[in-house]
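So you can see what is in the structure, the chains are spelled out below.
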Amino acid sequence: MRLTQADPLSLRLAADARFGPTDYGDDQIWSLSLAGGDPPALALHTTYGLRARDMRLFPAFAEGEAQVTDPEQFAAPPAVHHFTVNRLQFSFSPLPGLRVHADYWAPDSHSVAGQFTVVNESANARACRLRLCAVLHPLEGGVVFGPPSSGAQLHLQAQTGNLSPVVVLEQGNVADASAWPALARSLDLAPGESQTVRWAQAARPTAQAGLDLCHELLARGWAADLQKIKALAADVPEIETGDPDWDAAFALAYKVALQSYVGPTTHLPYPSFIFTRNINKGYSPRGDGADHTWQWDGQVATEAYVNLPQIAQAAPELAKGIIRNYLAIQQPDGFIDWKPGLAGQRNRALCIPLLATLSWLIYEYTEDHDFIAEVYRGLKRFVEMWFTERYDRDGDGLPEWSHTIQSAFDDCPSFVRWQRWGQAADITLAEAPDLAAYLYRECNSLIRMAQLLGGEAEGDVPPLAARAEMIRIAVDAMWRDDTASYHYVDIETHESPVGVELGRSEGDMALPIGRRFASPARVLVRVFGERDAPPPAVNIAIAGRGRRGRRRVEKIPSRRVTWYWGLGSVTSDKLYSEVERVDVTGVPPGWQVWVGTVDYTRQDQTLLLPVWAGLPTGERLEALVRRTITDPARYWRPYGIPNCSALDPAYKPDNREGSGGVWLMWNTMIGEGLADHGYPAEAAELIRRMMAAMLHTLKTEKAFREAYNCDVLEGLGERDYLWGAAPVHLFLRTVGVRIVSPRKVWLWGRNPFPWPVTVRWRGVTVTKFDEGARVRFPSGKEVIVPGDSEQMVED
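Residues numbered from 1 in each chain as written. Predicted model: local features only at pLDDT ≥ 70, side-chain atom pairs only at ≥ 80, totals over all residues. Heavy atoms only, no water.

K.L.:
Outline the overall build of the chain, supporting the account with residue identities and numerical values.
P.N.:
Along its length, the chain carries 15 helices and 41 strands. In terms of overall size, the chain behaves like a compact globule, its C-alpha atoms giving a radius of gyration of 30 Å where 795 residues would be expected to give roughly 28 Å. Once the C-alpha set of the chain is aligned to its principal axes, its extents read approximately 100 × 70 × 50 Å. Taken across its 795 residues, the chain has 63% of its residues classed as buried. Sequence-distant contacts in the chain: of pairs separated by 6 or more residues, those separated by 24 or more amount to 66%. Working note: accessible area of the chain is about 28,500 Å², and carbon and sulfur atoms make up 49% of it. On the chain, the mean spot of the 80 positive side-chain charges and the mean spot of the 97 negative ones are 2 Å from each other. (Helix = DSSP H or I, 4+ residues; strand = E, 2+ residues; numbered from the N terminus. Rg over C-alpha atoms; globule rule 2.2 N^0.38 Å. Buried < 20%, exposed > 50% of the residue type's maximum accessible area, 1.4 Å probe, protein only. Contact = heavy atoms within 4.5 Å. Areas by Shrake-Rupley, 256 points an atom, 1.4 Å probe, with all protein chains shown as cover. Lys, Arg positive; Asp, Glu negative; His and termini not counted. Charge placed at Lys NZ, Arg CZ, Asp CG, Glu CD.)

K.L.:
Help me get a handle on empty space enclosed by the protein, residues and values and all.
P.N.:
One pass over the full model with this rule turns up 6 cavities of 30 Å³ or more. As a volume, the second largest cavity reaches approximately 60 Å³. Lining the second largest cavity we find Glu364, Tyr365, His729, Leu732, Arg733, Val737, Arg738 and Trp746. Broken down by secondary-structure element, the contributors of at least two residues to the lining of the second largest cavity are helix H6 (355-366), helix H15 (728-735) and strand S35 (737-741). In terms of residues, the lining of the second largest cavity owes the most to one element, H15, which gives 3 residues. By residue class, the composition of the lining of the second largest cavity is 4 nonpolar, 1 polar and 3 charged. (1 Å grid on protein atoms, 1.4 Å probe; cavity = no way out; pocket = protein on both sides within 12 Å on 5 of 7 lines; lining within 4 Å. Points joined across faces, edges and corners; volume = space filled by probe spheres on them. Nonpolar A, V, L, I, M, F, W, Y, C, P; charged D, E, K, R; others polar.)

K.L.:
Lay out the packing of helix H3 (residues 244-258) against helix H4 (residues 301-311) in plain terms, naming residues and giving numbers.
P.N.:
It is at 10 Å that the axes of H3 and H4 come closest, and there the two elements cross at 115 degrees. One way to sum up the angle between H3 and H4 is to call them roughly perpendicular. In terms of crossing hand, the pair formed by H3 and H4 is left-handed. When H3 is examined against H4, the residues Ala253, Tyr254, Ala257 and Leu258 are found in contact with a partner set consisting of Asn307, Gln310 and Ile311. Partitioned by chemical class, the residues of the contact of H3 with H4 number 5 nonpolar, 2 polar and no charged. (Axes fitted to C-alpha atoms, helices over the stretch in contact; angles between N-to-C directions. Parallel < 35°, antiparallel > 145°, perpendicular 65-115°, else oblique. Left-handed = near helix turned anticlockwise from the far one by under 90°.)

K.L.:
Quick rundown of the sheet that holds strand S37 (residues 757-761)? Include the residues and the values.
P.N.:
What the 5 strands build is an open sheet, ordered S17-S37-S38-S39-S40; its pairing is antiparallel. Every interior strand has two partners, whereas the edge strands, strand S17 (238-240) and strand S40 (782-785), have only one. Averaged over all adjacent pairs, the angle separating strand axes in this sheet is 10 degrees, with direction ignored. Pairing geometry for S17 and S37, over 3 bridges, is antiparallel. Its bridge partner being in S37, Glu240 is matched across the sheet by Thr758. (Pairing = 2+ DSSP bridges.)

K.L.:
Residues and numbers for the side chain of Thr84, please.
P.N.:
By the secondary structure assignment, Thr84 is in strand S7 (residues 76-84). Note on Thr84: relative accessible area 6%, which makes it buried. Those residues in contact with Thr84, other than ones at most four positions away along the chain, are Arg12, Arg18, Ile229, Ala233 and Lys255.

K.L.:
Report on helix H2 (residues 223-234), specifying residues and quantitative values.
P.N.:
With 12 residues, H2 extends 16 Å between its outermost C-alpha atoms, agreeing within 8% with the 16 Å of an ideal straight helix rising 1.5 Å per residue. Restricting attention to buried positions, one finds in H2 the residues Asp225, Leu226, Ile229, Leu232 and Ala233. Buried residues of H2, seen end-on, are gathered within an arc of 120 degrees and therefore sit on one face of the element. Opposite the packed face of H2, turned more than 90 degrees from it, sit the exposed residues Ala223, Ala224 and Lys230. Among the structural elements, S7, strand S8 (87-95) and strand S9 (98-108) are those in contact with the buried residues of H2. (Expected span 1.5 Å × (residues − 1). Arc of directions from axis to C-beta.)

K.L.:
Give a description of the packing of aromatic side chains that names residues and reports values.
P.N.:
Enumeration according to the criterion identifies 38 aromatic pairs in this entry. Arranged with centres 5.2 Å apart and planes meeting at 20 degrees, the rings of Phe74 and Phe92 form a pair that is stacked. Taken together, the residues span a long stretch of sequence, with Phe74 in the loop between strand S6 (66-68) and S7 and Phe92 in strand S8 at a distance of 18 residues. Look at Phe92 and you get buried, because its relative accessible area is 0%. Aromatic pair Tyr104 and Trp199: ring centres 5.3 Å apart, planes at 85 degrees, arrangement edge-to-face. One end of the pair, Tyr104, is in strand S9; the other, Trp199, is in strand S16 (residues 194-204), with 95 residues separating them in the sequence. (Phe/Tyr/Trp six-rings, centres within 6.5 Å; stacked < 30°, edge-to-face > 60°.)

This is the structure we're talking about:
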């Protein structure tokens, strides 16, 4: 793919975990800007993980009186020809008749290096001067780059934070008449002649350590290193659509997905992903990464669900390594932590049940029988852990979430307790369609594994199938025809009553109510106070009648009230057919009290996940798709499916002061469900909407974003977030192409996009048309595949 100065992109350059181990405690990330900056230059820059205000490396070219650094003044602007995680190749013409081919790469977490090949394309001999300039804006107390230092080799050195950056230019000399600290090299070029100049930069605790690293890099040949990088890059599929912007976005998505890996460490035996890898991150003051922020402190199954299928074809060992990391920290009883980190961090909640599903997706790309044999028993123990008494509190075969964070939908409008706009109900007292969908897929993935492995494992199939059937029956009961949607249900009644407000007051409450309910309800009490005030000792008494009409008084002590930043909430343990009175004491003057019943009818994106699991069929599937998913008033928004229904009172399309925005994990799952179960055109339309938002941020903000406004073109959250990249896996699944090996291709369905799609990988070329496909294998064999039935095409 070719990018030019007109493409407003900043390309990251960082160590590649496939190339060699990366330093989780000190991972230095760089970014190439094709234009702009101060001074305007074709600059590689970093902050060393906020240990500098800015560090910039850029070339300057001089010939006679002419000198140029600003790409706006180049004879031909920069054009990027190739990029991968740790290598960028681009070219430009700084002066008429001089062509420069630049090749930058990151050998490890502490250095960057590169070479300029300068070609005289004119008919006359040329005498020019190449300067490598270094401009550092250090932290307070730091030292900027000064005149070159002599020694074994002329070099530039500086100091910022705990680093002493060093820059070396091969056979470099003192730069004369340079506005910036620089090393120079004179080049005398005959017509058609070219010369290559190499350079290196290293940032280590001492200047000598950095200089030694630069010398080591320049002393060795780079041919083997660059060939290895080239071979790794060849493993990345190339996708060609009818839209060059989509092609570019997919290529960038692979880069974002692969550059998210760091490690391994002694705590996790395989490289793990972090959520966003940019120039301001990567440094741990402690040195081991234990103090990294949430974007770097562990692998989460929801992010893995977007990332692993994205990279399984390009980097299968990285994908398999994530599963192996989870199993490496598994406890004997089957427990796997929700977020294990490279520095030994633990979340202490049970992992979201997606690991067997992910393992099977990896198998579909690799057909690695040995991998399935390796992970099957551990994954089965993990899934069984979910059905123990600790997580299936009522023992009905359908577990419950322990916290909204465990569900990965932290700010779920029905259950979030730290947002004033949330309902703040207790999620442990509800059963949820999303958890049921995850577990149903897990059971079915384990069944496929057991059938693949055969032998003793086949004996696991009947109990797994029975468990899956129990889940299916439970999810069926969560459906409501009037809303054409699944709903949360109460853990005891398995019903979804509408919530009602019972009363509100300022300060203590003594509220006679006398309200009966058609369906037994739980009482919800909320207290609103000053954000930074210490939690008061609020006590609650609820008088009424239980499910069977018996009088009861439920006393809720202050220790049961959950507090977040001045927001207190508690849900009654007991169900009520009638509430006669509610007393709330210990409320500070001026604080507000609200009392009502839990509303289980509010709608959000997680209620759509049964379509991903394949649970609804027939008329119910049709109703879910036609009346709910593609309903513009609820979910079918201009740029994707939002967090919650647009009819919910908490709905905010930008996710500010409410719930909304397009988040790729759930949109990916819903899109897969549409593509897999007979609605590929709808899946394609969902992808088109999301791609419109992503292309906007790529063109205006130079990056993907963590999420996207669902109603207007706007990126939200972190830049180049792991799951915010273009949905390559969902796209290929919707097109119906999976290249398993250079001799085997899976095809399914019609291509629902308005142009043919071509996928190239390891010598295989597959072109999918509206109907049928053409497959060309490396052997030269070509197969024309008519129709749209599912099939494997083999050489």
